[in-house]
Amino acid sequence: MRRVVAACAALALLATGCTSEEGPAEIRIGLLTALTGTQQAPGSDIRQGFLLYLETHDYTLGGRKVELFTADEGENAESSAPAAEKLVQRDNVDVLAGTISSGASGGVAAVATREKIPFVGANGRPKIEDPTWVWHTSFLTEDFGASLGRYMAEEIDGPVYVMGQDFVGAYEGVRGFLRAFREAGGVLANPGGEPTLTPMSTLGYRQYLDGIPETGAKAVYGFYVAKQGVDFLKQYPTSGAAGLPLYGSGATEGTKALPAIGEAAIGVRSAFHYAPNLDNPANRAFVAAWDAKYPGVVPSGLAVSAYDAGAVLDRAIAAAGDDAGPSEINKAIAGLGKIDSPRGEWEFGPKTHTPVQKWYLREVRRDGRSLSNAVIQDLVTLGS
């Protein structure tokens, strides 16, 4: 179908007498994110971060004007794959980008691989067998947990209670934590030695939290996102586990969630690839542009990943040339090397096509009238 559309477009140019001398061919981008449902709030970070890059670059990427098409990824692969197919077949996009859900990214990746079109994702992604056409500017979801596992095994004097939501992203994040935690000699406080997974329909977490001190736990690691993450953190300080230090996934207390959580979030620690107080030229420029566009809103790691997706495409499209299509752009992405980013310098790993990057230990603190995640220390570099 894409070849037919491209051929028709070429014939139309000949019929009208248009030539490439009028300027580089327009680039068509399909952006998927959560426009509805439980992931809508973090999904807006993806949209805002990507749009900020376009707006600060005059809606051009690699010297070519951008026509942007957006679609709702839904909740999982069953909804994201049809949305991606429409962008490719109906809108004839050259590149797919975005997604907030790890599950949804798998559906888009399958479409991109089948259609041979680059997909530049901006949030967590599970490992896939063949990432030839799939790139992510964020991380593997397992890295959320893996970045904290060794640290907590070495720093917490005693067993750790591990819990999370019963959904695919939490499975991956908790699995990464357990692998690194156990390799470093860490012991779980959970009865039976396995993490506790709470149903997505859970409204009250005290039924799980109140009994944690009885397990002998010295700290809690929780993987919760979106509305469930807000509820979990708001209830933690009034539960029986309140006296135990709480470590999150990095998504648990994301920027959009902090105002809703309020004072209950202060002191919560997490691992992530970005924090607004990172002191480097790229981050200072990014924060200034973000503040001008979204005053009073603290930028998040999700927004940075989406902003970096724009930067990746900008460089790759320029390297591919004025009339390059999906295949040439995909090849150019593979050859980009180091990316200068607000998070610090990173590059795509050759095995996974996700960033080889530094992860930071952060703590929620009050910053003026707002709450923000502040970097405490570097943790580990992950990626392959």
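Residues numbered from 1 in each chain as written. Predicted model: local features only at pLDDT ≥ 70, side-chain atom pairs only at ≥ 80, totals over all residues. Heavy atoms only, no water.

As for the pattern of salt bridges
Part 1 of the argument: Scanning the model with the defined rule gives 19 salt bridges in all.
Part 2 of the argument: Asp231 is the partner of Lys227 in a salt bridge, and the nearest nitrogen-oxygen pair spans 2.8 Å. Separated by 4 residues within a single helix, Lys227 and Asp231 lie in helix α8 (residues 226-235), roughly one turn from each other.
Part 3 of the argument: Connected through salt bridges with shared partners, the residues Glu85, Arg114 and Glu115 form a single ionic network. (Salt bridge = Lys/Arg side-chain N within 4 Å of Asp/Glu carboxyl O. Helix = DSSP H or I, 4+ residues; strand = E, 2+ residues; numbered from the N terminus.)

Focus on helix α6 (residues 168-183)
Part 1 of the argument: Here α6 contains 16 residues, and its C-alpha end-to-end distance of 23 Å stays within 8% of the 22 Å for a straight helix at 1.5 Å per residue.
Part 2 of the argument: Packed against the buried residues of α6 are α4 (102-115), α5 (141-155), β7 (160-165) and β9 (219-223).
Part 3 of the argument: Gly185 occupies a position one or two residues after α6 and carries a positive phi of about 95°. (Expected span 1.5 Å × (residues − 1). Contact = heavy atoms within 4.5 Å.)

Side note on the sheet that holds strand β4 (residues 95-98)
Part 1 of the argument: On the basis of which strands lie adjacent, the open sheet formed by 6 strands has the order β2-β3-β1-β4-β5-β6 and mixed pairing. A strand with exactly one partner marks an edge of an open sheet, and here the two such strands are β2 (60-61) and β6 (134-136).
Part 2 of the argument: In this sheet, strand β3 (residues 64-72) lies alongside β2 in antiparallel orientation, the contact comprising 2 bridges. Bridging from a neighbouring strand, Leu61 pairs with Arg64 of β3.
Part 3 of the argument: Contacting β1 (27-33), β3 and β4, helix α3 (residues 77-89) crosses the sheet at an angle of about 165° to β1. (Pairing = 2+ DSSP bridges. Axes fitted to C-alpha atoms, helices over the stretch in contact; angles between N-to-C directions.)

As for the packing of helix α2 (residues 40-56) against helix α10 (residues 281-293)
Part 1 of the argument: Interhelical geometry of α2 versus α10 gives an angle of 100° and a closest axis separation of 11 Å. Classed by the angle they form, the pair α2 and α10 counts as roughly perpendicular. Here α2 contributes Gln48, Gly49, Leu52, Glu55 and Thr56 to the contact with α10, which in turn contributes Phe286, Ala289, Trp290 and Lys293.
Part 2 of the argument: Classifying every residue of the contact of α2 with α10 gives 4 nonpolar, 3 polar and 2 charged. (Parallel < 35°, antiparallel > 145°, perpendicular 65-115°, else oblique. Nonpolar A, V, L, I, M, F, W, Y, C, P; charged D, E, K, R; others polar.)

Things to note about the packing of aromatic side chains
Part 1 of the argument: Overall, the coordinates contain 21 aromatic pairs when judged by the stated rule.
Part 2 of the argument: Taken together through their ring pairs, the aromatic side chains of Tyr53, Tyr274, Phe286, Trp290, Tyr294 and Tyr307 make up a single cluster. (Phe/Tyr/Trp six-rings, centres within 6.5 Å; stacked < 30°, edge-to-face > 60°.)

Here's the deal with the confidence of the model for the chain
Part 1 of the argument: Confidence in the prediction for the chain averages 90 pLDDT; 93% of positions are at 70 or higher.
Part 2 of the argument: Contacts of residues 3-20 to residues separated by more than four positions or lying in other chains number 3 contacts, the stretch itself having pLDDT below 50. (pLDDT = per-residue confidence, 0-100.)

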